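Here are the chains, one letter per residue:
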Amino acid sequence: TKAPMPAPRCALAAGVIDGLIYVAGGIDLVGLTGGVRFVGTLEVYDPKTNTWITKAPMPTARYSMAAGVVDGILYVAGGFGSSGYQQVLEAYDPETDSWTTKPPMPTPREASVAGVVNGILYVAGGINASGAPQTVEAYNPETNTWVEKAPIPMARYAPAGGVIDGIFYIVGGSGRNEVQAYDPKTNTWIADTPMPTGRTGSAAGV
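What counts, and at which threshold
- Residues numbered from 1 in each chain as written.
- Predicted model: local features only at pLDDT ≥ 70, side-chain atom pairs only at ≥ 80, totals over all residues.
- Heavy atoms only, no water.
- Helix = DSSP H or I, 4+ residues; strand = E, 2+ residues; numbered from the N terminus.
- Buried < 20%, exposed > 50% of the residue type's maximum accessible area, 1.4 Å probe, protein only.
- Areas by Shrake-Rupley, 256 points an atom, 1.4 Å probe, with all protein chains shown as cover.
- Lys, Arg positive; Asp, Glu negative; His and termini not counted.
- Charge placed at Lys NZ, Arg CZ, Asp CG, Glu CD.
- Salt bridge = Lys/Arg side-chain N within 4 Å of Asp/Glu carboxyl O.
- Contact = heavy atoms within 4.5 Å.
- Pairing = 2+ DSSP bridges.
- Axes fitted to C-alpha atoms, helices over the stretch in contact; angles between N-to-C directions.
- Core = buried A, V, L, I, M, F, W, Y, C linked by side-chain atoms within 4.5 Å.

What about the overall build of the protein?
- Of the regular secondary structure elements, the protein holds zero helices and 20 strands.
- Oriented by its inertia axes, the alpha-carbon framework of the protein measures out at about 40 × 40 × 35 Å.
- Classification of the 206 residues of the protein by burial places 43% in the buried group.
- For the protein, the computed accessible surface area is about 10,000 Å², with 54% contributed by carbon and sulfur atoms.
- Seen as two clouds, the 13 positive and the 17 negative side-chain charges of the protein have centres 5 Å apart.

As structure tokens, then:
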């Protein structure tokens, strides 16, 4: 057990930069009535000192986002906020402790998953007002543009994901146990060995 986060919350997003864990957004419970509050809180955990530091908050308070780190910048895409399903993409620079708004993700969604391969942020899965989109979208920070990629074969929300040797793996989601792997070089998906236990809203680390 390590030092607790300063603010309790769920459905947040996280990324690692220079050995520090950056935790952004989420929701916290308000009182005992079951109400919720969207937050843009950004807190940073240092494993070496076992301490947390609060940083500049995310401009758009929301929860259930996808996040990835490219060249030392934390990118947070989509989620659900006060205006509903989000397309917003915001980037945090630790050196300046500031956020920048980037071009919005073409498909609004929450409960999606992101992976970074060769400096490109890939976002897959999730859910929105139209259902669970199979659309996969890739953001290139150098060109500041989004491009649609081959759709994920099986629509699902709240999967886990990770990148290994340049392959983006999508694991579970929607209570399922299927594992699918995306190769950016060929823009294709393949089915991989299924997870023993189907589940929703899990987390992964590589």
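Moving on, there is more to tell.
Things to note about unusual backbone geometry
- Of note in this structure, alanine 111 is not a glycine but carries a positive phi near 60°.
- Take alanine 111: it is sitting in the loop between strand 12 (98-102) and strand 13 (113-117).
- Of the residues examined, alanine 111 reaches a relative accessible area of 11% and is grouped as buried.
- The backbone of aspartate 165 sits at a positive phi, close to 50°, despite the residue not being glycine.
- Residue class for aspartate 165 comes out exposed when judged on its relative accessible area of 77%.

Let's talk about the pattern of salt bridges
- Tallied over the entire structure, the rule returns five salt bridges.
- Its salt-bridge partner being glutamate 137, residue arginine 109 comes within 3.1 Å of it at the nearest N-O pair. Separated by 28 residues along the polypeptide, arginine 109 in the loop between strand 12 and strand 13 and glutamate 137 in strand 15 (residues 136-140) bring together distant segments of the chain.
- You can call glutamate 137 buried: its relative accessible area is 2%.
- Among the salt bridges present, the one from glutamate 178 reaches arginine 176, with a minimum N-O distance of 3.1 Å.

Considerations on the environment of glycine 115
- With respect to the element layout, glycine 115 can be found in strand 13.
- The exposure class assigned to glycine 115 is buried, which follows from its relative accessible area of 5%.
- Beyond its immediate chain neighbours, meaning those up to four positions away, glycine 115 contacts Ile120, Leu121, Tyr122, Val163 and Phe168.

What about the sheet that holds strand 8 (residues 73-77)?
- The strand order across the open sheet formed by four strands is 7-8-11-12, and the pairing between neighbours is antiparallel. On the outer flanks of this sheet lie strand 7 (66-70) and strand 12, each paired with one strand and no other. Along the sheet, successive strands turn relative to each other by an average axial angle of 25°, direction set aside.
- Relative to strand 8, strand 7 runs antiparallel, the two being bridged by five bridges.

Some remarks on the nonpolar core
- Membership of the largest hydrophobic core comes to 14 residues, with the highest contact counts inside it found for Tyr22, Leu42, Met58, Leu74, Val76, Tyr92 and Trp99.
- Elements that contribute at least two residues to this core include exactly strand 1 (13-17), strand 2 (20-24), strand 5 (42-46) and strand 8.
- Setting aside residues no more than four positions away along its own chain, tyrosine 22 makes contact with Ala13, Ala14, Gly15, Ile17, Leu42, Glu43, Val44, Leu74, Tyr92 and Pro94.

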